[in-house]
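Understanding the architecture of this molecule
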Amino acid sequence: MLLSRLARVSQEIAATSARSRKIALLAELFRDAEADDVPVVIPYLAGRLPQGRIGVGWKTLSRPVAPAERATLTVRAVDTLIGRLAEVSGPGSQAGRTLLLEELLGAATEDEQRFLLGLLSGEIRQGALDAVAAEGLARATGAPPAEVRRAVMLAGSLQAVAGALLADGPDALERFRLTVGHPVLPMLAHSAPSVAGAVEKLGAAAVEEKLDGIRVQVHRDGDTVRVHTRTLDDITDRLPEVTAAARALRGERFILDGEVVSFDEEGRPRSFQETAGRVGSRTDVAAAARKVPVSPVFFDALSVDGRDLLDLPFAERHAELARLVPEPMRVRRTVVSGPDDLDAAEDFLAETLRRGHEGVVVKGLDAPYSAGRRGASWLKVKPVHTLDLVVLAAEWGSGRRTGRLSNLHLGARTADGGFAMLGKTFKGMTDAVLAWQTERLRELAVDESGYVVTVRPELVVEIAYDGLQRSTRYPAGVTLRFARLVRYREDKRPDEADTVETLLAAHPEVRP
DNA sequence: TTCCGACAGTGGGGTCGCAAT
DNA sequence: ATTGCGACCCCACTATCGGAA
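Residues numbered from 1 in each chain as written. Chains lettered and ligands numbered in written order. Predicted model: local features only at pLDDT ≥ 70, side-chain atom pairs only at ≥ 80, totals over all residues. Heavy atoms only, no water.

Below, the discussion takes up the nonpolar core. In this structure, Leu6, Val41, Tyr44, Leu45, Leu137, Val148 and Val161 are the most contacted members of the largest nonpolar core, which totals 60 residues. When sequence neighbours within four positions are dropped, the list of residues in contact with Leu45 reads Leu6, Val9, Ile13, Leu26, Leu29, Phe30, Gln126 and Ala128. Leu422, Leu444, Leu485 and Val500 belong to the second largest nonpolar core, which has 31 residues in total. (Core = buried A, V, L, I, M, F, W, Y, C linked by side-chain atoms within 4.5 Å. Buried < 20%, exposed > 50% of the residue type's maximum accessible area, 1.4 Å probe, protein only. Contact = heavy atoms within 4.5 Å.)

The next thing to look at is the layout of surface pockets. Considered as a void within the structure, the largest pocket measures approximately 1200 Å³ in volume. Secondary structure elements with two or more residues in the lining of the largest pocket: helix H3 (38-45), helix H7 (130-141), helix H8 (145-155) and helix H9 (158-168). Considering each element in turn, the lining of the largest pocket owes the most residues, five residues, to H8. Partitioned by chemical class, the residues of the lining of the largest pocket number 21 nonpolar, eleven polar and eleven charged. Counting only domains with at least three residues in the lining of the largest pocket, you end up with domain 1 (3-170) and domain 2 (188-381). Around the second largest pocket sit 30 residues that line it, and Asp212, Gly356, Leu468, Glu509 and Val510 are the ones nearest its centre. Where the lining of the second largest pocket is concerned, the elements lending two or more residues are helix H12 (272-280) and strand E17 (467-470). Of all the elements, E17 adds the most residues to the lining of the second largest pocket, at four residues. (1 Å grid on protein atoms, 1.4 Å probe; cavity = no way out; pocket = protein on both sides within 12 Å on 5 of 7 lines; lining within 4 Å. Points joined across faces, edges and corners; volume = space filled by probe spheres on them. Helix = DSSP H or I, 4+ residues; strand = E, 2+ residues; numbered from the N terminus. Nonpolar A, V, L, I, M, F, W, Y, C, P; charged D, E, K, R; others polar. Domains from an automatic or database assignment.)

Glancing now at the protein's contact with DNA strand B. Residues in close proximity to DNA strand B total 39 residues, the closest being Arg125, Ser398, Asn407, Phe426 and Tyr474. Atoms of DNA strand B within 4 Å of the protein belong to the sugar or the phosphate in 90% of instances, the rest to bases. The backbone of Gly280 places a nitrogen or oxygen atom 3.3 Å from a sugar or linking oxygen of DNA strand B. Within the contact set of DNA strand B, a phosphate oxygen lies 3.3 Å away from a side-chain nitrogen or oxygen of Arg473. For the surface near DNA strand B, the elements supplying multiple residues, two or more each, are helix H5 (93-106), H7, H12 and strand E12 (405-413). When the residues that make up the surface near DNA strand B are grouped by side-chain class, the tally is eight nonpolar, 19 polar and twelve charged. (Near = heavy atom within 4 Å. Polar contact = N/O pair within 3.5 Å; in protein donor to acceptor, adjacent residues only side chain to side chain.)

A few words on the sheet that holds strand E9 (residues 359-364). Reading across the sheet, the five strands line up as E1-E10-E9-E2-E8 and stay open at both edges, with mixed pairing between neighbours. One side of each edge strand has no neighbouring strand; the edge strands of this open sheet are strand E1 (188-191) and strand E8 (333-336). This sheet shows a mean twist of 35 degrees between the axes of neighbouring strands, independent of strand direction. Of the strands in this sheet, strand E2 (205-210), E8, E9 and strand E10 (374-381) touch helix H10 (residues 195-202), which is tilted by about 155 degrees from E10. Docked against the sheet, helix H15 (residues 342-354) engages E2, E8, E9 and E10, running at close to 145 degrees with respect to E9. (Pairing = 2+ DSSP bridges. Axes fitted to C-alpha atoms, helices over the stretch in contact; angles between N-to-C directions.)

Moving on: the side chain of Arg97. Within the secondary structure, Arg97 is located in helix H5. Buried and without a salt bridge, Arg97 has Glu87 as its closest oppositely charged side chain, separated by 10 Å. (Lys, Arg positive; Asp, Glu negative; His and termini not counted. Salt bridge = Lys/Arg side-chain N within 4 Å of Asp/Glu carboxyl O.)

To continue, consider the domain arrangement of chain A. Segmentation of chain A into domains returns domain 1 (3-170), domain 2 (188-381) and domain 3 (385-506). When each unit is reduced to the centre of its C-alpha atoms, the spacing between domain 1 and domain 2 is 34 Å. With five residues of domain 1 at the interface, the matching set in domain 2 holds seven residues. Of the roughly 400 Å² buried between domain 1 and domain 2, counting both surfaces, carbon and sulfur atoms make up 57%. On inspection of domain 1 and its partner domain 2, the count reaches one salt bridge. Between Asp311 and Arg150 there is a salt bridge; the shortest N-O distance is 3.6 Å. There are zero residue pairs in polar contact (both at pLDDT 80 or more) connecting domain 1 and domain 2. The residue makeup of the side of domain 1 that touches domain 2, split by class, is two nonpolar, one polar and two charged. (Buried area = accessible area lost by both parts, 1.4 Å probe.)

Structure, rendered in structure tokens:
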């Protein structure tokens, strides 16, 4: 199949807003793909490379290459070239990559280049990624969409399912079962503003502490233990403590879901930055483990002794977990009977925060494990802080925000009467707010020459955030975690905005 | 008919590893 | 030795479509 066909279809998909039309376009293309093209065509149309990320990013792609006149590239030729690109490493690799990229892009027409650049940068922006591609695949092969989705969750990727389906038809789906050693996409949680709201929605529920670390899925089959992240990367080699802990458990074969965190000498959780840094360390794991030892803390069991527990109610899965995993290696929790039992839930949240954790996750006791989905039965509740800050500048948006000032630079007042930038945010803006702030900020602009528009510090915004973290980038030595806009405070003057001093006082555990 | 679940998009900060300087 | 880039951890929020209620 020619690359030009993919580029054309991708453009058509981007041009329509109807999901049904996107699915139809994808199905038609998948049907036409030859067997050998399938392992490439499907991931490409889902916006990803079969090789995964290959060390080519935005900067590497920023040098323009003269496009070809005619479309001659085949999908398989592209895959071969990208395969070679992925292999390049060591000194001189940047030059080697650039050369191969020029070869690839030089053979592509303008339309094909646009598609390839999106693909390589990971920003296809056609309004259809994995989920829609899975739907298209179901349509193309006559398989039930729900079963295709389930197979994808169990396989961990669309690719494997696509290959099997197109080779052997809908019966191939039965091959995708939960298997120890094969990671499945983890279940995710929604947010809820309060424990009361969450319990109201779910009724009888477990309230569990939410640890601020790295999500892990741990597979043990006899002596073999594998540890995977939320995106199913294998991080076994970086976490010897987790392997040891899994081997020490009584069960021989299981899949557990949990979080890896680091506790200090007093038993309080270390900051996310410290834990994440440890988990990210690969070159000298032993040294990193001495400085920041980690512990796995589990909250769910997906498989025990060869039994698939995914469809069991959470209460039963947890009973299996409790049989297998002793108390300190399980997440602390309490069970509430429903809205009448709210005090117990609130007390548990307060106690959890005192212990230095992020918040709680409220989980319906009846719900199955919805692999790969943001199940409505898991609701996280975290305290939200707010501040009044001053807009120092704004950046021009991209995509659907093109032509709108989007990303705000936020400042707090300093002792000398100036402002210290604490971070940026683009979150929480409706289209109406984007339009309004674009106009208003341009009135206040002092420099509109670049992609950052500097403004007179006169607009006050109410900003919500999850906490403070240390920063080497910003002048106060701290930055806001997950900052988002709540509203503009036109009733406030900039000299009424919050100060760096009050911010630091509100978070004594963080020192710049 | 209205409501709501699922998706995609639009980006944020930090940290590590590696290549280039 | 330092700097810059890319990958990958954590993530919130809004708009939209289309099926559920």
